[in-house]
Amino acid sequence: MAKNTFLQQQQKKNQFLLEVGMDTGFQKCWDLLQLVLHDPKVMGKDTFGRERIKKIYWAMKEAIETNFPQAKFIAHFSHWYEWGCMIYDRFIVDGKDVPQDPVEALRLHQAIWTCGVRTALAHGGVVNDHHGVGIKLGRLMKEQYGPAMQVFEGLKKQLDPNGIMNPFKLGL
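Thresholds, definitions, all that
Numbers given for residues are sequential positions, taken from 1 along each chain in its written order. Since the coordinates come from a predicted model, pLDDT governs what is reported: local features require at least 70, and pairs of side-chain atoms require 80 or more to be given and counted, while whole-chain, interface and lining totals use all residues. Each side-chain value is worked out from all heavy atoms of the structure, with water and hydrogens disregarded. Going along the chain from the N terminus, every DSSP run of H or I of four or more residues is numbered as a helix, and every run of E of two or more is numbered as a strand. Polar contacts, as counted here, are pairs of nitrogen or oxygen atoms within 3.5 Å of one another; within protein the pair requires one atom able to donate a hydrogen and one able to accept it, and residues that are adjacent in sequence qualify only if both atoms are side-chain atoms. What makes two residues a contact is simply this: any of their non-hydrogen atoms within 4.5 Å. Residue count minus one, scaled by 1.5 Å, sets the expected span of a helix. For the exposure calls, accessible area comes from a 1.4 Å probe over protein chains only, and a residue counts as buried if that area is under 20% of its type's maximum, exposed if over 50%, partly exposed in between. Only buried Ala, Val, Leu, Ile, Met, Phe, Trp, Tyr and Cys residues count toward a nonpolar core, and they belong to the same one when joined by side-chain atoms within 4.5 Å. A score from 0 to 100, pLDDT tells how confident the predictor is in each residue. Every patch collects residues that have over 30% relative accessible area and no salt bridge, joining them within 9 Å if they carry like charges and within 5 Å if they are nonpolar side chains (Val, Leu, Ile, Met, Phe, Trp, Tyr). Accessible surface is estimated by sampling points in the Shrake-Rupley manner with a 1.4 Å probe; for residues, cover comes only from the protein chains shown. Whenever a carboxyl oxygen of Asp or Glu lies within 4 Å of a side-chain nitrogen of Lys or Arg, that contact is scored as a salt bridge. For this analysis, a ring pair means two rings from Phe, Tyr or Trp (six-membered ring only for Trp) whose centres lie within 6.5 Å, classed as stacked if their planes differ by under 30 degrees, edge-to-face if by over 60, and tilted for the remaining angles. Think of it as a cone above the ring: NZ of Lys or CZ of Arg counts as a charge over the ring if it is within 6 Å of the ring centre and within 35 degrees of the ring normal. Pairing between strands is defined by DSSP: at least two bridges between them are needed.

**Here we look at the side chain of Thr119**
1) Next: Here Thr119 shows up in helix α4 (residues 102–122).
2) Next: Of note is the side chain of Thr119, whose polar atom sits 2.7 Å from the backbone oxygen of Cys115.
3) Next: Residue contacts for Thr119: discarding those within four places in its chain leaves Ala59, Met60 and Ala63.

Here is the structure:
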């Protein structure tokens, strides 16, 4: 299907949905994703950075499974934007390989996450932006933003001088 024909069909469909009062946000995203998945050339360029996303995924998988042979890296992809998507990465460590000591188990968990996130950053990824950077990944924000992190720190200090709003979130 030609690009213009597809877009014209979508405009008609979305106009109809607007007229009947339905939210079209999900439908627009779904239709666009289907278009890209079924005909990656229709956009004329690699709009979603598929090659970058694949590079990040495979680099994370290799880094985690090489540095932590007891871990199996898996992921799924969601929330597609023009600049990329969310890689929901997970790792599985077989029960026999999980340290019995809870402190050591947490240390292993943190080490695997750190390895994965640093690898993603090194390959053009960013620290999780969709669900917000909480306490688990906030410690890596300075690695992502470098000296620009001082801007966040300055804003946090001005807006929250007592440090009571969302303490430690975003690495602040």
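**A look at helix α3 (residues 50–67)**
1) Next: The first and last C-alpha atoms of α3 sit 26 Å apart over 18 residues, in line with the 26 Å expected at 1.5 Å per residue.
2) Next: Within α3, burial applies to Ile53, Ile56, Tyr57, Ala59, Met60, Lys61, Ala63 and Ile64.
3) Next: Of the surrounding elements, those touching the buried residues of α3 are β1 (71–81), β2 (84–93) and α4.

**Things to note about the nonpolar core**
1) Next: Ranked by internal contacts, the top residues of the largest apolar core, which has 25 residues, are Ile112, Val117 and Val127.
2) Next: Within the residue set of this core, elements represented by two or more residues are α3, β1, β2 and α4.
3) Next: When residues of this core are assigned to their parent elements, the largest contribution, seven residues, is made by α4.

**A look at the confidence of the model for the protein**
1) Next: Of the residues in the protein, 67% have a pLDDT of 70 or more, and the chain-wide mean is 76.
2) Next: Per-residue pLDDT, averaged within each element of the protein, yields its smallest value for helix α2 (residues 25–38) (52) and its largest for α4 (94).
3) Next: Low pLDDT (under 50) marks residues 17–24, which in the prediction has five contacts with non-local residues, meaning those over four places away or in another chain.
4) Next: Note that residues 36–48 has pLDDT below 50 and, in this model, 20 contacts with residues that lie over four places away or in other chains.

**Some remarks on a nonpolar patch on the surface**
1) Next: A contiguous nonpolar surface patch, about 710 Å² in accessible area, is contributed by Tyr145, Val151, Phe152, Leu155, Leu159, Ile164 and Met165.
2) Next: With respect to the secondary-structure elements, Ile164 resides in the segment after α7 (149–159).

**Considerations on the packing of aromatic side chains**
1) Next: Applying the stated criterion to the full structure yields five aromatic pairs.
2) Next: Between Tyr57 and Phe73, the ring centres sit 5.5 Å apart and the planes meet at 55 degrees, which makes this aromatic pair tilted. Taken as a pair, Tyr57 in helix α3 and Phe73 in strand β1 lie far apart in primary sequence, 16 residues in all. Each member of the pair, Tyr57 as well as Phe73, carries the same accessibility label: buried.
3) Next: Consider the rings of Tyr145 and Phe152, whose centres lie 5.1 Å apart with planes at 70 degrees: the pair is edge-to-face.
4) Next: On the basis of relative accessibility, which here comes to 34%, the residue Tyr145 falls in the partly exposed class.
5) Next: By the ring-pair criterion, three or more aromatic residues cluster together here, those being Tyr57, Trp58, Phe73 and Phe77.
6) Next: One cation-aromatic arrangement involves Lys136 over Trp113; the distance from NZ or CZ to the ring centre is 3.8 Å.

**A short note on unusual backbone geometry**
1) Next: One non-glycine residue, Asn166, lies in positive phi territory at about 45 degrees.
2) Next: Positive phi is not limited to glycine here, since Leu170 has a value of about 60 degrees.
3) Next: Of note, Leu170 is situated in the segment after α7.

**Some thoughts on the pairing of β2**
1) Next: In terms of burial, β2 is largely enclosed, as eight of its ten residues are buried.
2) Next: Where β1 lies against β2, nine bridges are found, and the strand directions are antiparallel. Residue pairing for β2: Ala71 is matched across the bridge by Val93.

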